[in-house]
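Structural description and commentary
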There are 2 protein chains.
Amino acid sequence: MTIDPHTNNNETAVNTSAVSFSTPLNLASGVVLADYELAFETYGTLNDARSNSILICHALSGDHHAAGLDADGKVGWWNHYIGPGKAIDTNDFFVVCPNNIGSCFGSTGPNTINTETGKPWGVDFPSLEVSDWVESQKQLMEHLKIDCWAAVVGGSLGGMQAMHWAINHPTKLKHAVIIAAALKLSAQNIAFNEIARRAIQSDVNFKHGDFLDHQTSPRQGLALARMIGHLTYLSDDALGQKFGRLVRSGDLDGAEKELVEFEVSSYLNYQGDKFATRFDANSYILITKMLDYFDVAQNYQDNPVAAFKQSQCKFLVIAFSSDWRFSPQCSEEITDAIVSADKDVSYLRIESDQGHDAFLLPNEHYEKGLSRYLQRVAQAHFGAQL
Amino acid sequence: MTIDPHTNNNETAVNTSAVSFSTPLNLASGVVLADYELAFETYGTLNDARSNSILICHALSGDHHAAGLDADGKVGWWNHYIGPGKAIDTNDFFVVCPNNIGSCFGSTGPNTINTETGKPWGVDFPSLEVSDWVESQKQLMEHLKIDCWAAVVGGSLGGMQAMHWAINHPTKLKHAVIIAAALKLSAQNIAFNEIARRAIQSDVNFKHGDFLDHQTSPRQGLALARMIGHLTYLSDDALGQKFGRLVRSGDLDGAEKELVEFEVSSYLNYQGDKFATRFDANSYILITKMLDYFDVAQNYQDNPVAAFKQSQCKFLVIAFSSDWRFSPQCSEEITDAIVSADKDVSYLRIESDQGHDAFLLPNEHYEKGLSRYLQRVAQAHFGAQL
């Protein structure tokens, strides 16, 4: 997903924290993670009642730096939506955003040291499920002495975490905001992820996942994987409007044609190469598999209604009209399941030509919808003024 | 595109012919191809008036073996539609299908010997445009002493050749049948092709295109390229119905998860690997670029209506409801341009859940529509009985 290009020199500088847990984490796979670390950021102030906290769950390529400016001056990936006076208003809420385990931005994952071997985990990092992320976030919650989130909010794979919170820990959140997500992936979704993984695994520098030991990185494969992913996050219309069939330089006549390329190609190549310098290949494989195997109804006889029957929170479900990776139909399936489970749900279908990426990008209706919903949350649960 | 799985032991055995041309071909790029060879097949019998011939134009990965059984017992890629009593009825028509230059199945291309150097052309094979294919097909036409095609028929990139025939050689065809094509590619189409090319070019065995000299092949890259292409030829619904989220073997519990894969992954990997053994990587790059740069209105001030004003034939345009690579909207743009150019056009939108691949697959309405249209062609131009 694209980083929000909305920069602002007046943004608040934030500090990254980290916490180590020595309580073993029993993973869904049966493997036990003896200890692990979570990098996280917080924005706003926890109130005395400790009742105003929002958990932000990041997606495939996200991290804990969701808002403000980090030490490198980089703006957070959801900065347009998190901050004082913004949709997720840090004047009202205490916002917590961890980097998830298995990722590669500071929390324990394939690119961190396995304390048992003294070497990077690499390909030996255990496979994870979305529920494992939720359990690790629950340990962070306890560390922060928060008993109940006012809301758990996430887009894409983040929305899947919000669903698991609602179902697995019904008393631990008041609201779940599920944005551009799905009950489970379609065969087409899985196929795109499979091609991305094969691109990485067939890069000679992947070295069966031991690339860190070989002091190399499968950058070509990672770039390809990202290009495939990125393309599916955009709508055909958005690409058409942004690039059309423009060429980067030169013209289309004769032999010159070899020298030019379409702007869309140049853009995608750039995005792919940039991503390959910052992301870990084993993390990419691990997290796309989490997406593929995610199924909200897995432990409920394939019945999502039975899954949502467990929940006690209220829901906001948001979809974007041009999202073809997790289409409005997917969000409507979530909404229908929640309705059928007799739970309280609001559904917002936002007109946007930005595809799946829309959940990260400025959009007035999306902003207003999210903002009004969370204002009502604040008012209901800790009496913030509208 | 998938090869039609429709096999029949009673199919006619066909022989492949080849013809060498020593008349230089002046390519659109300005480069001159001094001599070249075309492999082709024919089905049916040319009538005395030499007026019953149909040219079949193949798409990206197609070849000259469109119908019947070849020497290896392989069924042609459009066998369901070409043959005695079939939609393209060889009792009425003499059907000609060449392998295009730049491809890799017998006609001159990157994997054939450059007579000037005595070595395979490889990456030095000149870049081509769709109009170059049409010019080479016109030389084949003259070789066969055919003055005018009863129809030029093609799907996908084949439809683009049919359009060029109609516009560039208005007196040389009576009908153009344009199936699942577009006036030009969208930015999304181009982006998928770009990723496919990068997959090939970043394979260490590509050797800057000189893989034949190194007696190797970038099979991993080609397989990836094909997997990306193949996935975009299928609809999400078709994939869902065919595979759902089935796993190939084992179950989803615990550590076993590493050992299983989704059926859709297994299917795509198989398709990719199979393709990589039979297709030439330089041909794939060359032909996807032909697609990207194709623009019917390129020489007509970006006005497709002005382009079609040149034509004198009648048109049949066919689209498939679930095709998202060249959607019905693309076919409707073609149809609208032909209507605006005051030419005679019929448009068929076929309901299908098979995506872009539908143009190759059995479909009763498609068969009937194509069959009736060509029966009328036969009746009008050489009095075949209905």
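1. So, the overall build of chain A
Of regular secondary structure, chain A possesses 10 helices and 14 strands. Over its C-alpha atoms, taken along the principal directions, chain A stretches across nearly 70 × 50 × 45 Å. Across the 386 residues that make up chain A, the buried fraction comes to 56%. Within chain A, contacts between residues at least 6 apart in sequence are counted, and of these 71% link residues at least 24 apart.

2. A short note on the interface of chain B and chain A
With 40 residues of chain B at the contact, the number on the chain A side is 40 residues. Of all the secondary-structure elements, those providing two or more residues to the side of chain B that touches chain A are α3 (187-201), α4 (219-233), α5 (236-243), α6 (263-278) and α7 (281-293) of chain B. With nine residues, the single largest contributor to the side of chain B that touches chain A is α3 of chain B. For the side of chain B that touches chain A, a count of residues per class yields 20 nonpolar, 12 polar and eight charged.

3. Things to note about the sheet that holds strand β1 (residues 17-21) of chain B
Residue and element names in this part refer to chain B. Strand order in the open sheet formed by eight strands is β1-β4-β8-β5-β11-β12-β13-β14, with mixed pairing between adjacent strands. Only two strands of the sheet have a single partner each, and these edge strands are β1 and β14 (345-350). Pairs of neighbouring strands in the sheet enclose a mean axial angle of 20°, with direction left out of account. As paired elements, strand β12 (residues 175-179) and strand β13 (residues 314-320) share five bridges and run parallel to each other. Across the sheet, residue A176 finds its bridge partner in β13, namely F315.

4. A closer look at the nonpolar core
A176 and I195 of chain A together with A176 and I195 of chain B are the most contacted members of the largest nonpolar core, which totals 241 residues. Excluding residues within four positions of it along the chain, A176 of chain A makes contact with V152, A162, M163, W165, A166, C313 and F315 of chain A.

5. Re the packing of helix α3 (residues 187-201) of chain A against α5 of chain B
One way to put it is that α3 of chain A packs onto α5 of chain B with a least axis distance of 8 Å and a crossing angle of 95°. By the angle between their axes, α3 of chain A is roughly perpendicular relative to α5 of chain B. Mapping the contact onto sequence places A187, Q188 and A191 of chain A in α3 of chain A and D236, L239, G240 and F243 of chain B in α5 of chain B.

6. Considering the packing of α3 of chain A against helix α7 (residues 281-293) of chain A
Residues and elements named next belong to chain A. Relative to each other, α3 and α7 sit at 160°, their axes nearing to 10 Å. Regarding the angle of α3 to α7, the classification is roughly antiparallel. Where α3 crosses over α7, the handedness of that crossing is left-handed. For the pair formed by α3 and α7, the contact residues are I190, N193, A196, R197 and I200 on the first element and A281, Y284, I285, T288, L291 and D292 on the second. When grouped by side-chain class, the residues that make up the contact of α3 with α7 number seven nonpolar, two polar and two charged.

7. A word on α6 of chain B
Residue and element names in this part refer to chain B. With 16 residues, α6 ought to run about 22 Å at 1.5 Å a step, and its terminal C-alpha atoms sit 23 Å apart, in line with that. Within α6, the full set of buried residues consists of V264, S265, Y267, L268, G272 and A276. Buried positions in α6, seen along its axis, are confined to an arc of 165° and lie on one side of it. Summarising the geometry of α6, the exposed residues directed more than 90 degrees from the buried face are Y270, T277 and R278.

8. A word on the environment of F40 of chain B
Residues and elements named next belong to chain B. Inspection of the secondary structure puts F40 in strand β4 (residues 36-43). For F40, a count of 25 C-beta atoms within 10 Å corresponds to the buried category. Considering only alpha carbons, one finds F40 and N100, 60 residues apart in sequence, at a separation of 8.9 Å.

9. A word on the confidence of the model for chain A
If pLDDT is low for a region, its predicted coordinates should not be looked at in detail. Residue and element names in this part refer to chain A. In this model, chain A carries an average pLDDT of 92, and 93% of its residues clear a pLDDT of 70 or more. Every residue in residues 1-8 is under pLDDT 50, and counting partners more than four places away or in other chains gives 19 contacts. Segment residues 249-259: pLDDT under 50, and 17 contacts once partners within four positions in sequence are set aside and those in other chains are kept. For this predicted complex, the interface confidence reaches an ipTM of 0.90, while the overall pTM sits at 0.92.

10. Quick word on unusual backbone geometry
Positive phi values are uncommon outside glycine, yet H208 of chain A reaches one of about 55°. By the secondary structure assignment, H208 of chain A is in the loop between α3 and α4 (219-233). Take H208 of chain A: there are 9 C-beta atoms within 10 Å of it, and that puts it in the exposed class. Located in the positive-phi region is D302 of chain B, a residue other than glycine, with phi close to 60°. Tracing the chain through its elements places D302 of chain B in the loop between α7 and α8 (304-309). On the basis of neighbour count, D302 of chain B is assigned to the exposed category, with 12 C-beta atoms found within 10 Å.

Conventions adopted
Residues numbered from 1 in each chain as written. Chains lettered and ligands numbered in written order. Predicted model: local features only at pLDDT ≥ 70, side-chain atom pairs only at ≥ 80, totals over all residues. Helix = DSSP H or I, 4+ residues; strand = E, 2+ residues; numbered from the N terminus. Buried ≥ 20, exposed ≤ 12 C-beta atoms within 10 Å, placed from the backbone. Contact = placed C-beta atoms within 7 Å. Nonpolar A, V, L, I, M, F, W, Y, C, P; charged D, E, K, R; others polar. Pairing = 2+ DSSP bridges. Axes fitted to C-alpha atoms, helices over the stretch in contact; angles between N-to-C directions. Core = buried A, V, L, I, M, F, W, Y, C linked by C-beta atoms within 7 Å. Parallel < 35°, antiparallel > 145°, perpendicular 65-115°, else oblique. Left-handed = near helix turned anticlockwise from the far one by under 90°. Expected span 1.5 Å × (residues − 1). Arc of directions from axis to C-beta. pLDDT = per-residue confidence, 0-100.

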